[in-house]
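# Observations on the three-dimensional arrangement
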Amino acid sequence: MTLSDEETGDQQAWRTLSEAGLVEIRLEEFGEKIRDVKRLVTVRLRELLDLDTSIQERESAAYALGTLKGLELKVQASVPEPPDPSES
Amino acid sequence: MKSTVQQLRSEAGWPPEEGEVISFKSSTALETATLKEVRWGLVWRDFILEDGRVIPEHRVSGCPRPQVWRKIDEVTDSEREECEGRLLSMAGIGLDPRERDQPFWAELNQYLAYTYLRYKGKVSVPELPR
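Everything in this summary refers to the structure shown in the same document. (Residues numbered from 1 in each chain as written. Chains lettered and ligands numbered in written order. Predicted model: local features only at pLDDT ≥ 70, side-chain atom pairs only at ≥ 80, totals over all residues.)

### Digging into the interface of chain B and chain A
What counts here: C-beta atoms are first placed from the backbone for all residues, and any pair lying within 7 Å is then listed as a contact. Secondary structure elements are defined from DSSP: runs of H or I of at least 4 residues count as helices, runs of E of at least 2 residues count as strands, and each element is numbered from the N terminus. Under this grouping Gly is polar, as are all residues other than the nonpolar Ala, Val, Leu, Ile, Met, Phe, Trp, Tyr, Cys and Pro and the charged Asp, Glu, Lys and Arg.
If you look at the interface, chain B gives 29 residues, while chain A gives 33 residues. Elements with a contribution of two residues or more to the side of chain B that touches chain A: helix H2 (77-92) and helix H3 (103-120) of chain B. Broken down by element, the residue count for the side of chain B that touches chain A peaks at nine residues, all from H3(B). Its residues assigned to classes, the side of chain B that touches chain A comprises 17 nonpolar, three polar and nine charged.

Next comes the structure, spelled out in structure tokens:
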């Protein structure tokens, strides 16, 4: 692979992540981005289960999904409570 | 994968050396701080500052363009699993990933970016909304 090929690959990755809002995630968007990535992994895991693929790849996708679910729960749990309007 | 600054030097003058003062873009302004370490994440390099903050390479002044990222296939299974373990540990002890430029924020950013790049090319799903 030539240097220019590598640069093109990196630039494509940058553009892909930028378009998905995943280069630097806005603080208020973590929950949404985790759900987006989780959805992607879920689709892939379904495909892997339908196909006759290696167990390792299926396990890897399943573990990623579990990690994302755990992180999503954590982010949901740490969302600050909105101010109570009755106290104002 | 973790390397010393010296091991990562790939082109003249970049990345800066440990102990150098670097400029970077924070959420509010251009700041300066002392570099403690440069470390590869799953996708890009992170600059670890003496005060514990983690700054992605693309926010550091003087970063060559285009910057060099890892290929997804370069990340080993054990490296990915270690990253997943660290993330769940940080979540488990109550760290908040929304504390910008902190280790949990930095690692979760990279993990989501890596996972997206890893699976994006393998399934036919609609583009994520911007």
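### Thoughts on unusual backbone geometry
Only a minority of non-glycine residues have a phi that is not negative, and only a minority of peptide bonds are not trans. All names here are of chain B. Cis rather than trans, the peptide bond between tryptophan 14 and proline 15 has omega equal to -5 degrees. When you line up the elements, proline 15 lands in the loop between helix H1 (5-8) and strand S1 (21-25). The peptide bond linking arginine 65 to proline 66 adopts the cis configuration, its omega dihedral lying at -10 degrees. With respect to the helices and strands, proline 66 occurs in the loop between strand S4 (54-56) and H2.

### Some remarks on H2(B)
Put simply, the test is: The span you would expect from a helix comes to 1.5 Å times its residue count less one. Exposure classes come from backbone-placed C-beta atoms, where a residue is buried if 20 or more other C-beta atoms lie within 10 Å of its own, exposed if 12 or fewer do, and partly exposed in between. Summarising the geometry, the arc corresponds to the directions from the helix axis toward the C-beta atoms.
Compared with the 22 Å implied by 1.5 Å per residue over 16 residues, the 22 Å span of H2(B) between its first and last C-alpha is a close match. Of the positions making up H2(B), those classed as buried are Arg80(B), Cys83(B), Glu84(B), Leu87(B), Met90(B) and Ala91(B). All buried residues of H2(B) fall inside an arc of 130 degrees around its axis, so they share one side. Along H2(B), the residues that are exposed and aim more than 90 degrees away from the buried face are Asp77(B), Ser78(B), Glu82(B), Gly85(B), Ser89(B) and Gly92(B). The secondary structure elements touched by the buried residues of H2(B) are helix H3 (55-77) of chain A together with H3 of chain B. Two residues or fewer past H2(B), Gly94(B) is found with a positive phi of approximately 95 degrees.

### A look at the pairing of strand S3 (residues 45-49) of chain B
Along a regular strand, successive side chains alternate from one face of the sheet to the other. Residues and elements named next belong to chain B. We count it as follows: Note on pairing: DSSP must find at least two bridges between two strands before they are called paired.
Inspection of the sheet shows strand S2 (residues 30-40) paired to S3 by five bridges, in the antiparallel sense. Along S3, the bridge assignment pairs valine 38 with phenylalanine 47. Taking the residues that link successive antiparallel strands as the turn, the S2-S3 hairpin has four residues. With three bridges joining them, S3 and S4 adopt antiparallel strand pairing. From the neighbouring strand, aspartate 46 faces S4, where its bridge partner is proline 56. Between the end of S3 and the start of S4, which pair antiparallel, lie four residues, with glycine 52 showing a positive phi angle near 95 degrees.

### Looking at the sheet that holds S3(B)
Residue and element names in this part refer to chain B. What counts is decided by this rule: All axes here are fitted lines through C-alpha atoms, helices being fitted over the stretch that makes contact, and every angle between N-to-C directions spans 0 to 180 degrees.
Pairing in this open sheet of four strands is antiparallel, and the strands run S1-S2-S3-S4 from one edge to the other. Strands at the two margins of the open sheet, each flanked by one partner only, are S1 and S4. Neighbour-to-neighbour, the strand axes of the sheet open up by a mean angle of 55 degrees, direction not taken into account.

### Looking at the packing of helix H2 (residues 30-50) of chain A against H3(A)
Residues and elements named next belong to chain A. Short version of the rule: To sort the angles, those under 35 degrees are grouped as roughly parallel, those over 145 as roughly antiparallel, those from 65 to 115 as roughly perpendicular, and the leftovers as oblique. Each helix crossing is assigned a hand: it is left-handed if the near helix lies turned anticlockwise from the far helix by less than a right angle, otherwise right-handed if that turn is clockwise.
For the pair H2 and H3, the least separation of the axes is 9 Å and the interaxial angle reads 155 degrees. With respect to each other, H2 and H3 are oriented roughly antiparallel. Here the hand of the crossing between H2 and H3 comes out left-handed. Facing Phe30, Gly31, Ile34, Arg35, Val37, Lys38, Val41, Thr42, Arg44, Leu45, Leu48 and Leu49 of H2, the residues of H3 in contact are Glu57, Arg58, Ala61, Ala62, Ala64, Leu65, Leu68, Lys69, Leu71, Glu72, Val75 and Gln76. Of the residues in the contact of H2 with H3, the class split is 14 nonpolar, three polar and seven charged.

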